[in-house]
Amino acid sequence: MFSALIEATDCVLPISPQQQAASWQHRAFSTDWGRWNAYLNQLCLETCLTWLQAEHLPTVKTGMEPVWEIVNGSILTVGDIRIALIPTETIDRSELEVAQEWVDVPSLAADYYVGVQISPDCQEMTIYGYTTHQQLKQQGSYDAQERTYGLDIDDLIPDLNALWLSYPSYTSSQTRSPIAAIPTLDPTQADRLIERLGNPAIIMPRLEVPFPTWAALLENTQWRQRLCQQRQMGDSTSVFTQLSSWFQGQIDDLWQSIDRVLLPQQVAVAVRSAASQTTLEIGTEDIYRAKLLNLDGGQIALIVGISPVSETERRITLQVHPAGGAAYLPGETQLRLLTPDGTEIGKVSAVVTETIQLQFRVSEGEQFDIEIACCGQILKERFGL
């Protein structure tokens with residue numbers, strides 16, 4: 001039985017069937033992980049908040065908008081004191097595991113971290129101890145792969161009465177360790193990050209970019225909320241394309257053979273531009289596909305080619321061509337290659353031309369974005385190998 005694991009100092013709170021039903025229907029999320037994480041956090045937040053207001057802290061309230069779409073945990077506030085609730089459904093609670101966001105992002109960091117274990121049937125929860133930001137930073141172990149801080153359960157303070165009695169006597173300077181400064185983020189770069197990480201196909205966006213960049217994005221309340229909202233709404237303007245699946249014949253219908261999109265003379269230009277100067281043809285192992293992109297004044301064609309270089313590396317060819325029988329691109333056209341965090345790593349542009357092209361190499365597991373600017377519009381696509 002679950003109750004057999006409960007220590008004498010643990011605080012066990014029941015979860016009503018009504019609360020379970022309400023939490024499950026609370027809101028829509030982009031992934032199964034996001035919905036389940038939100039469900040556990042909603043149970044934890046509502047149950048703990050009701051109990052605290054009735055028994056210990058009448059003035060306690062929710063401290064910020066939930067970010068359960070991207071990270072586990074909630075914030076409660078009592079005056080200037082911030083308390084992070086960290087729920088888990090793991091039966092073996094050998095440590096308190098806290099996402100780095102709650103520790104190293106200044107606007108998210110808390111004074112106290114409370115561990116909450118939810119039973120497998122979600123009918124009760126156990127508050128099994130707490131720690132301070134200072135203790136978590138100084139004594140906790142950092143997992144760079146998962147970006148979490150872990151503190152052994154034996155190092156937690158198990159008696160919650162100590163928290164209710166002592167918190168008014170301590171200031172943040174006594175409960176918190178210094179937090180390293182995070183970099184500033186350009187609004188344009190933030191927009192690109194939100195657009196990319198807002199794609200529900202990315203299951204764990206918090207691990208997709210370097211933590212300093214991620215922290216800078218979350219530090220801004222509006223950017224943080226936009227990211228969560230975009231993931232919940234989905235992203236219909238730009239779809240992530242997994243290029244490695246093309247070698248298994250898994251190609252979306254939007255990507256057509258180039259001879260169905262380009263005129264014969266354009267196909268010749270595309271082949272001549274993409275191929276080596278010695279063969280003047282596309283290799284038998286190369287895959288080239290075309291996608292029509294809509295502009296206010298018509299269409300352009302994006303050509304993407306993949307050529308094997310080694311077992312783990314591919315050469316990518318990007319071309320932009322006029323569509324609909326036009327001889328030239330409809331105006332000044334720019335093609336930019338971007339890292340997932342929005343940093344530019346390549347660019348080509350032309351005013352009057354029949355095609356522009358970029359070639360580069362990508363290793364397995366790498367991702368990149370492209371941005372096409374033409375006729376006053378910006379079109380974006382996302383890719384991964």
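Refer to the structure printed above.
Residues numbered from 1 in each chain as written. Predicted model: local features only at pLDDT ≥ 70, side-chain atom pairs only at ≥ 80, totals over all residues. Heavy atoms only, no water.

(A) Geometry of the sheet that holds strand β1 (residues 11–14). Pairing is mixed in the open sheet, where six strands are placed in the order β1-β7-β6-β4-β3-β2. This sheet does not close on itself; its edge strands, each paired only once, are β1 and β2 (61–62). Here two bridges tie β2 to strand β3 (residues 74–78), and the two strands are oriented antiparallel to one another. The partner of Lys61 across the bridge, within β3, is Thr77. (Pairing = 2+ DSSP bridges. Helix = DSSP H or I, 4+ residues; strand = E, 2+ residues; numbered from the N terminus.)

(B) Highlighting the side chain of His321. Along the polypeptide, His321 turns up in strand β13 (residues 313–322). Among the polar contacts listed, one links the side chain of His321 to the side chain of Gln319, at a separation of 2.7 Å. (Polar contact = N/O pair within 3.5 Å; in protein donor to acceptor, adjacent residues only side chain to side chain.)

(C) Region of interest: the packing of aromatic side chains. Counted under the stated rule, the structure contains eight aromatic pairs. For the pair Tyr142 and Tyr149, a centre-to-centre distance of 5.1 Å together with 45° between the ring planes defines the contact as tilted. Overall, Tyr142 belongs to the partly exposed group, its relative accessible area being 38%. Consider the rings of Phe360 and Phe368, whose centres lie 5.1 Å apart with planes at 85°: the pair is edge-to-face. Take Phe360 and Phe368: they sit in the same class, and that class is buried. Taken together, the ring pairs in this structure connect Trp246, Trp255, Phe360, Phe368 and Phe383 into an aromatic cluster. (Phe/Tyr/Trp six-rings, centres within 6.5 Å; stacked < 30°, edge-to-face > 60°. Buried < 20%, exposed > 50% of the residue type's maximum accessible area, 1.4 Å probe, protein only.)

(D) Spotlight on the sheet that holds strand β16 (residues 356–363). The strand order across the open sheet formed by four strands is β11-β12-β13-β16, and the pairing between neighbours is antiparallel. The outermost strands of the open sheet, each flanked by one partner alone, are β11 (287–295) and β16. Here the average twist between neighbouring strands, direction ignored, is 20°. The pairing of strand β12 (residues 298–308) with β13 spans nine bridges and is classified as antiparallel. Each residue of the ladder has a partner; that of Gly305, found in β13, is Thr317. (Axes fitted to C-alpha atoms, helices over the stretch in contact; angles between N-to-C directions.)

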